[in-house]
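# Overview (structure and organization)
The chain contents come next:
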Amino acid sequence: MPNLLIASKYKDYLSPWVDAFSDVYSCVVLENIDDIFSGEYDDEKILLIIDAAYIENIEQIGHICEYIKKVVVVGEGVNESLQIQFILSGASGYSDKSVDKAVILRAIAGVLNDEIWLERQVIPRLLKNIVEKNKFSKGNKEFNYEEYKLLSILTRREIEVIDLVYKGTSNSDIAEVLKISNRTVKAHLSAIYRKLNVSDRFQLIILLKNLHVAHLAEDFLDV
Amino acid sequence: MELTLQAFSTQKLESVLEKDINLVACHSDYSEGLKSIEVNKASVVLVEHDEKNADFEQLLKGIRDKSPESKIILLGEGISDEVILRYILCGIYGYLQLSCINEFLNKSIKCVHQGEAWFSRKLVSSLIESVRA
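Report on the accompanying structure. (Residues numbered from 1 in each chain as written. Chains lettered and ligands numbered in written order. Predicted model: local features only at pLDDT ≥ 70, side-chain atom pairs only at ≥ 80, totals over all residues. Heavy atoms only, no water.)

### A closer look at the overall build of chain A
- Helix and strand counts for chain A come out as 11 helices and 5 strands.
- Here chain A has a C-alpha radius of gyration of 22 Å; the compact-globule value for 223 residues is 17 Å, and the former is much larger.
- Judged by the C-alpha coordinates and their principal axes, chain A covers about 70 × 40 × 30 Å.
- For chain A, the residues scored as buried account for 48% of the 223 residues in total.
- For chain A, restricting intrachain contacts to residue pairs at least 6 apart in sequence, the fraction spanning at least 24 positions comes to 61%.
- When the accessible surface of chain A is totalled, it reaches about 11,300 Å², and 47% of it is carbon and sulfur.
- Counting 26 positive and 34 negative side-chain charges, chain A places the averaged centre of each group 8 Å from the other. (Helix = DSSP H or I, 4+ residues; strand = E, 2+ residues; numbered from the N terminus. Rg over C-alpha atoms; globule rule 2.2 N^0.38 Å. Buried < 20%, exposed > 50% of the residue type's maximum accessible area, 1.4 Å probe, protein only. Contact = heavy atoms within 4.5 Å. Areas by Shrake-Rupley, 256 points an atom, 1.4 Å probe, with all protein chains shown as cover. Lys, Arg positive; Asp, Glu negative; His and termini not counted. Charge placed at Lys NZ, Arg CZ, Asp CG, Glu CD.)

Right under this line is the structure:
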């Protein structure tokens, strides 16, 4: 089974890269782009490097990521907005074709290690994007009152857990503070994620920031 | 563009800073620092984390309000990813561990000044995963 799949619209476009990777990874150059969708490459250890020229619309990235978990787009002069769109649509990285071999090998190693690879100067713009989405307040018409009301379905214990997560407390420390087991903390977190329709601690914090709720207990418990 | 720096810190930074970074003010007192930042408008602001200060996020917001062009780097030790995320949402551009000051202070200031971010790739990856999930 190969580590790297390489898909390029023009045969010679990524061939210098193939030569560079072959020492370290087992590479396969896809002759036909539709091979991506064969289901053969649905493995966390496989990474697809795809020529940006193949990407006709941004939805296509999401579609490809349904079949291959880790996708790095390679292009030339792709603007920062589009790079960010690639990432937010599911790609694990973007790299300019002109970067040197050492950098792209670091990128591949990083992505195979579950990191996202983006040029450092793009990251502030991405973060700004996220910050912009978090400017809502209770006095703002964009404040989502329905989401805020959703918090009232939480139990007292869940609210205590959320407040500790917000402070950055680890699961084991939450267990110690609340005098419960680690397993119970995880059970509370699962229930919280399900009730609030979030998938992890980061999403939970972003949701609370959106709602301007720093200490849930103050809003929902008589403390 | 001249690289000016203001710090809210108890650390001795002068001996670490390279000559092309102009430290215009260093305050350990937040309210004094906030007063002077409005005048200094430093390009980069270093802020040492104070976990005992419940209004730390307000301080970050205060810096942004008084000097919106300044780029903030948080100095701290062992701050959890969840808390860093909260501070990112308050507008910080970087996070540097106090134990890495000698090694990375100058580099992080220059990167942030040039419009880059100074966070671990792991943290940025986790954040992106959360946002797009």
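### Some remarks on the sheet that holds strand β2 (residues 21-27) of chain B
Residue and element names in this part refer to chain B.
- Taken in spatial order, the 5 strands line up as β2-β1-β3-β4-β5 in an open sheet, and their pairing is parallel. Taken across any chain shown, the strands that pair with only one partner, and hence form the sheet edges, are β2 and β5 (92-97). Mean inter-strand twist for the sheet, computed between neighbouring axes without regard to direction, equals 20°.
- Direction of pairing for strand β1 (residues 3-8) relative to β2: parallel, over a ladder of 6 bridges. Bridging from a neighbouring strand, T4 pairs with N22 of β2.
- Along the sheet, helix α2 (residues 56-66) contacts β1, β3 (44-48), β4 (71-76) and β5; its crossing angle with β3, the most-contacted strand, is approximately 170°. (Pairing = 2+ DSSP bridges. Axes fitted to C-alpha atoms, helices over the stretch in contact; angles between N-to-C directions.)

### Points about the interface of chain A and chain B
- Listed per partner, the contact involves 31 residues of chain A and 31 residues of chain B.
- Summed over both partners, the interface of chain A with chain B comes to about 3,000 Å²; 65% of that surface belongs to carbon and sulfur atoms.
- Between the two partners, chain A and chain B, sit 2 salt bridges.
- In this structure, R201 of chain A and E82 of chain B form a salt bridge, with 2.5 Å as the shortest nitrogen-oxygen distance.
- In this assembly, chain A and chain B are joined by 9 residue pairs in polar contact (both at pLDDT 80 or more).
- Looking at the side of chain A that touches chain B, the elements with two or more residues in it are α3 (80-88), α5 (123-132), α7 (156-166) and α10 (201-210) of chain A.
- Considering only residue class, the side of chain A that touches chain B consists of 17 nonpolar, 7 polar and 7 charged. (Buried area = accessible area lost by both parts, 1.4 Å probe. Salt bridge = Lys/Arg side-chain N within 4 Å of Asp/Glu carboxyl O. Polar contact = N/O pair within 3.5 Å; in protein donor to acceptor, adjacent residues only side chain to side chain. Nonpolar A, V, L, I, M, F, W, Y, C, P; charged D, E, K, R; others polar.)

### Digging into helix α9 (residues 182-196) of chain A
All names here are of chain A.
- Given a rise of 1.5 Å per residue, 15 residues ought to cover 21 Å, and the 21 Å separating the end C-alpha atoms of α9 matches this to within 8%.
- By the burial criterion, the buried members of α9 are V185, H188, L189, A191, I192, Y193 and L196.
- Where α9 terminates, the next one or two residues include N197, which has phi positive at roughly 60°. (Expected span 1.5 Å × (residues − 1).)

### Considering the state of the cysteines
- Per the counting criterion, the structure on display carries 0 disulfides over all chains.
- With no disulfide partner, C65 of chain A has as its closest neighbouring cysteine sulfur the one in C27 of chain A, 19 Å distant.
- For C65 of chain A, a relative accessible area of 16% corresponds to the buried category.
- In this model C100 of chain B remains outside any disulfide bridge; the closest cysteine sulfur is found in C111 of chain B, 14 Å from its own. (Disulfide = S-S within 2.5 Å.)

### Quick look at the side chain of H49 of chain B
Residue and element names in this part refer to chain B.
- Take H49: it is sitting in the loop between β3 and α2.
- Reaching out from H49, the side chain makes a polar contact with the side chain of Y87 at a distance of 2.8 Å.
- Residues in contact with H49, not counting those within four places in the same chain, are F56, L74, L75, G76, I79 and Y87.

### So, the side chain of Q83 of chain A
Residues and elements named next belong to chain A.
- Position of Q83 relative to the elements: it lies in helix α3.
- Of the residues examined, Q83 reaches a relative accessible area of 3% and is grouped as buried.
- At 2.9 Å, the side chain of Q83 forms a polar contact with the backbone oxygen of V78.
- If we ignore the near neighbours within four places in the chain, the residues touching Q83 are V78, Y94, L118, E119 and V122.

### Re unusual backbone geometry
- We note that D114 of chain A has phi near 70°; this positive angle belongs to a residue other than glycine.
- In this structure D114 of chain A comes out as partly exposed when scored by relative accessible area, which is 48%.
- Positive phi, close to 45°, is recorded for K41 of chain B, a residue that is not glycine.
- Among the secondary structure elements, K41 of chain B is positioned in the loop between α1 (30-40) and β3.
- Among the residues examined, K41 of chain B registers a relative accessible area of 43% and is labelled partly exposed.

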